[in-house]
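Coordinate inspection notes
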Amino acid sequence: MSLNKVRVRFAPSPTGPLHMGGVRTALYNYLFAKKNNGTFILRIEDTDQTRFVKGAQDYILDAFKWCGITPDEGPGIGGEYGPYIQSERKDIYHEYAQILIDTNKAYYAFDTSDELTKMRDEAKKMGMPNWQYNGVSRMNMRNSLTLPQSEVETLIANNTPYVIRMKMPRNEDVRFEDEIRGWVVVNTNNLDDKVLFKSDGMPTYHLANIVDDHAMEISHVIRGEEWLPSAPLHVLLYDALNWERPKFAHLPLLLRPDGNGKLSKRDGDRLGFPVFPLDWTTIDGELYSGYREKGYFPEAFINMLAFLGWNPGTQQEIFSLKELSNAFSLERVSKGGAKFDPDKTKWFQQQYIRATSAEDLSKMLGNNFPTEVVDSEKETICSLMKERATFLDDILKDGAYLFDRPKEYDEKVIAKKWKAHTAGLIEDWVKIIEEINEFSAANIESEFKAFLEEKELGFGAVLLPFRLLVTGVGAGPGMFDIAEFLGKEEVLTRIKSGLLNIKQIKNEA
Ligand code: GLU
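Residues numbered from 1 in each chain as written. Predicted model: local features only at pLDDT ≥ 70, side-chain atom pairs only at ≥ 80, totals over all residues. Heavy atoms only, no water.

Regarding its fold elements, the chain presents 21 helices and 13 strands. Relative to the globule expectation of 23 Å for 509 residues, the C-alpha radius of gyration of the chain, 32 Å, shows a markedly less compact shape. Once the C-alpha set of the chain is aligned to its principal axes, its extents read approximately 110 × 50 × 40 Å. For the chain, the proportion of its 509 residues judged to be buried stands at 50%. Counted over contacts in the chain with a minimum sequence separation of 6, partners at least 24 positions apart contribute 71%. When the accessible surface of the chain is summed, it comes to about 24800 Å², and 48% of that surface belongs to carbon and sulfur atoms. When the 63 basic and 76 acidic side-chain charges of the chain are each reduced to a single mean position, those positions are 4 Å apart. (Helix = DSSP H or I, 4+ residues; strand = E, 2+ residues; numbered from the N terminus. Rg over C-alpha atoms; globule rule 2.2 N^0.38 Å. Buried < 20%, exposed > 50% of the residue type's maximum accessible area, 1.4 Å probe, protein only. Contact = heavy atoms within 4.5 Å. Areas by Shrake-Rupley, 256 points an atom, 1.4 Å probe, with all protein chains shown as cover. Lys, Arg positive; Asp, Glu negative; His and termini not counted. Charge placed at Lys NZ, Arg CZ, Asp CG, Glu CD.)

Shown next as structure tokens:
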């Protein structure tokens, strides 16, 4: 077997909802596979039954679906290397633990958890807070390296619980070349004798992970930086089993917006942005919000995520998934942590809403339009509002004045822009409006300009009060476009009732 065909995998443990950092890892694997005509595999690593969370696997699949990341092989998808859920592969792992024992690369350990706790406590008392089961301490413990062989055989024959531990070699340098970080060298004296196989008959993550990566012919292990400390053990296991090592690429951490520390699941809602792709409610009823439910387009979410740790080396920032697949390379993934930027995330969403046609936006809003909006008006509403919107909802929220008369008038604008002579000027402008025959934006604008010229006024003196009377607010899309959309009668009605309202406000003030 030779790993010359690109096969990559995303291997989440179903211990909770998939964090956006996990989605980024999946995305980079997907992009790398697509770029290299390879295969992208989803494998569920559920060997730690104590941490299993119901619904987590479905959440991963739903998140993938929403993002448009489709695995080529995986649970529910199929493939020649299945099953793709580790608990369904249970039977294959012990064989490899046995090979490691037989070749003296691993050993049985019979220490009970009480004995281990006692050992740790004693070490702590002696000023060693980080006691480890390792090349030195193993000789004081109850294992197949210290007990006579006959006793080991009896213990096993009597079904005494045991784990299988890695026999970490002493004082060897483990070297591997990480595709992102370059050469990594770790001395085995700094590594402990990790458990490979547990007393419940299940492999640990480490053993299952390398057995499956080998069995599934994974060519590149692309995963988060938090797994870098495990990589030397994995490399040693490949070597011990005489298997070709895959290439490794450890992705930079996602950092909090203030740059201090890893972006955690708690940060999101505390700092006002989601850290999950989709909403997730815990069994205690606690809600973690998701990008989908906040109104982000999946394309914007993916585009933003792609840039957290990678850049194309050009000025281009807007990329479809297809374009990302063409542009992606591990060489352009950064080593340093990637700082999450909530404003930039919104910016991506704005770009996508702007780039969506009014026709599509109107379809997406579907039945959310108020019933009084007729079909022929829907697209115009979208095209008027989309330039200033971030989310789909903003179109209807910020553009409410396109189908509802204003109920109030922005008092800050009144205080700042409504002068003693304003009402008089508006009344003169109303007379001109009444005379406009074809009430188009262009005509309204040219009449408006002529009116200003005649009165020797600047644009703002009348335009802002005009906008305020018609919409109730001080900013929005082109005022002449709004006027055309509403029609002459409606504009005149609004101006007249607005004038009454504002005069009242002014008198009361
Ligand atoms: N099951 C591990 C996780 O939850 C996989 C790590 C790896 O990709 O090797 O992230």
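Let us keep going from here.
Sheet architecture is open: three strands sit in the order β3-β4-β7, paired in antiparallel fashion. Both outer strands of the open sheet, β3 (106-109) and β7 (195-197), are each paired with one neighbouring strand and no more. Going from strand to strand, the sheet's axes swing by 45 degrees on average, the running direction of each strand aside. Inspection of the sheet shows β3 paired to strand β4 (residues 163-166) by four bridges, in the antiparallel sense. Bridging across to β4, Ala106 finds its partner in Met166. (Pairing = 2+ DSSP bridges. Axes fitted to C-alpha atoms, helices over the stretch in contact; angles between N-to-C directions.)

Put simply, helix α13 (residues 358-365) and helix α14 (residues 375-385) touch, their axes get as near as 8 Å, and they point 110 degrees apart. One finds that α13 runs roughly perpendicular with respect to α14. Seen along the crossing, α13 lies across α14 with a hand that is right-handed. Seen from α13, the contacting residues are Ala358, Glu359, Leu361, Ser362 and Leu365; seen from α14, they are Lys378, Glu379, Cys382 and Ser383. Its residues assigned to classes, the contact of α13 with α14 shows four nonpolar, two polar and three charged. (Parallel < 35°, antiparallel > 145°, perpendicular 65-115°, else oblique. Left-handed = near helix turned anticlockwise from the far one by under 90°. Nonpolar A, V, L, I, M, F, W, Y, C, P; charged D, E, K, R; others polar.)

Here we take up helix α3 (residues 93-102). Taken residue by residue, α3 has Tyr93, Tyr96, Ala97, Leu100 and Ile101 as its buried positions. Relative to the axis of α3, the buried residues are bounded by an arc of 150 degrees and lie together on one face. Of the surrounding secondary structure, the elements contacted by the buried residues of α3 are β3, β4, β7, α6 (205-215) and α7 (231-240). Two residues or fewer after α3 comes Asn104, characterised by a positive phi angle close to 65 degrees. (Arc of directions from axis to C-beta.)

Next up on the list: the pairing of strand β9 (residues 247-251). Burial of β9 is extensive: four of the five residues sit out of reach of the surface. Bridge count for strand β8 (residues 220-224) against β9 is five bridges, and the pairing is parallel. Within β9, the residue paired with Arg223 across the bridge is His250. A crossover links β8 with its parallel partner β9, the connecting element being α7, and its sense is right-handed. (Right-handed = clockwise from strand over helix to strand, strands pointing away.)

The environment of the ligand is made up of Arg9, Ala11, Pro12, Ser13, Glu45, Tyr205, Asn209, Arg223 and Trp227. Within the backbone of Ala11, one N or O atom sits 2.8 Å away from a nitrogen atom of the ligand. Here Glu45 contributes a side-chain N or O atom positioned 2.6 Å from a nitrogen atom of the ligand. Comparing atom positions with the cavity grids shows the ligand to sit within the largest pocket. Classifying every residue of the shell around the ligand gives four nonpolar, two polar and three charged. (Near = heavy atom within 4 Å. Polar contact = N/O pair within 3.5 Å; in protein donor to acceptor, adjacent residues only side chain to side chain. 1 Å grid on protein atoms, 1.4 Å probe; cavity = no way out; pocket = protein on both sides within 12 Å on 5 of 7 lines; lining within 4 Å. Sits in = over half its atoms within 2 Å of the grid points.)

This part takes up the environment of Asp121. Structurally, Asp121 is set in helix α4 (residues 113-125). Judged by relative accessible area, Asp121 falls into the partly exposed class, the value being 39%. Distance in space between the C-alpha atoms of Asp121 and Trp131 is 8.7 Å, their sequence separation being ten residues.

On the surface, a cluster of positive charge is contributed by Lys416, Lys417, Lys419 and Lys506. Its relative accessible area of 39% is what places Lys417 among the partly exposed residues. (Patch = residues over 30% accessible without salt bridge, like charges linked within 9 Å, V, L, I, M, F, W, Y side chains within 5 Å. Salt bridge = Lys/Arg side-chain N within 4 Å of Asp/Glu carboxyl O.)

Of the two faces of strand β5 (residues 173-178), only the one carrying Val174, Phe176 and Asp178 is buried; Asp173, Arg175 and Glu177 on the other face are not. The pairing of β5 with strand β6 (residues 182-187) spans six bridges and is antiparallel. Paired with Val174 across the two strands is Val186, which belongs to β6. Hairpin connection, β5 to β6: the antiparallel pair is bridged by three residues.

Right, let's talk about the pattern of salt bridges for a bit. All told, the structure shown has 27 salt bridges when counted by the stated rule. A salt bridge links Asp258 to Arg256; the shortest N-O distance between them is 3.0 Å. In this structure, Asp394 and Lys397 form a salt bridge, with 3.7 Å as the shortest nitrogen-oxygen distance. Here Lys397 and Asp394 lie together in helix α15 (residues 392-398), a separation of three residues that amounts to about one turn. The class for Asp394 is buried, based on a relative accessible area of 11%. Taken together, the shared-partner salt bridges in this structure form one network comprising Arg9, Arg43, Glu45, Arg89, Asp212 and Asp213.

Another aspect to go through is the nonpolar core. Core analysis: the biggest nonpolar cluster contains 108 residues, and Met20, Ile395, Phe466 and Ile495 have the highest contact counts within it. The greatest single-element share of this core, amounting to nine residues, is contributed by helix α1 (residues 20-35). In terms of nonpolar packing, the next biggest core, distinct from the first, is built from 41 residues, Tyr96, Leu100, Tyr108 and Leu196 among them. (Core = buried A, V, L, I, M, F, W, Y, C linked by side-chain atoms within 4.5 Å.)

On to α4, then. In an α-helix, one full turn covers 3.6 residues, which means residues spaced three or four apart are oriented alike. For α4, which comprises 13 residues, the first-to-last C-alpha distance of 18 Å matches the rise-based estimate of 18 Å (1.5 Å per residue) to within 8%. Positive backbone phi, at 85 degrees, marks Gly127, one or two positions downstream of α4. (Expected span 1.5 Å × (residues − 1).)

Any space left empty among the atoms is revealed by the rolling of a water-sized probe across them. Roughly 1400 Å³ of volume is contained in the largest pocket. Lining the largest pocket are 49 residues, with Ser13, Thr15, Arg51, Glu226 and Trp227 positioned closest to its centre. At the level of elements, β1 (7-10), α1, α6, β8, α8 (265-271) and β11 (280-281) are the ones that each hand at least two residues to the lining of the largest pocket. Here the lining of the largest pocket takes five residues from α1, the largest share from any one element. (Points joined across faces, edges and corners; volume = space filled by probe spheres on them.)

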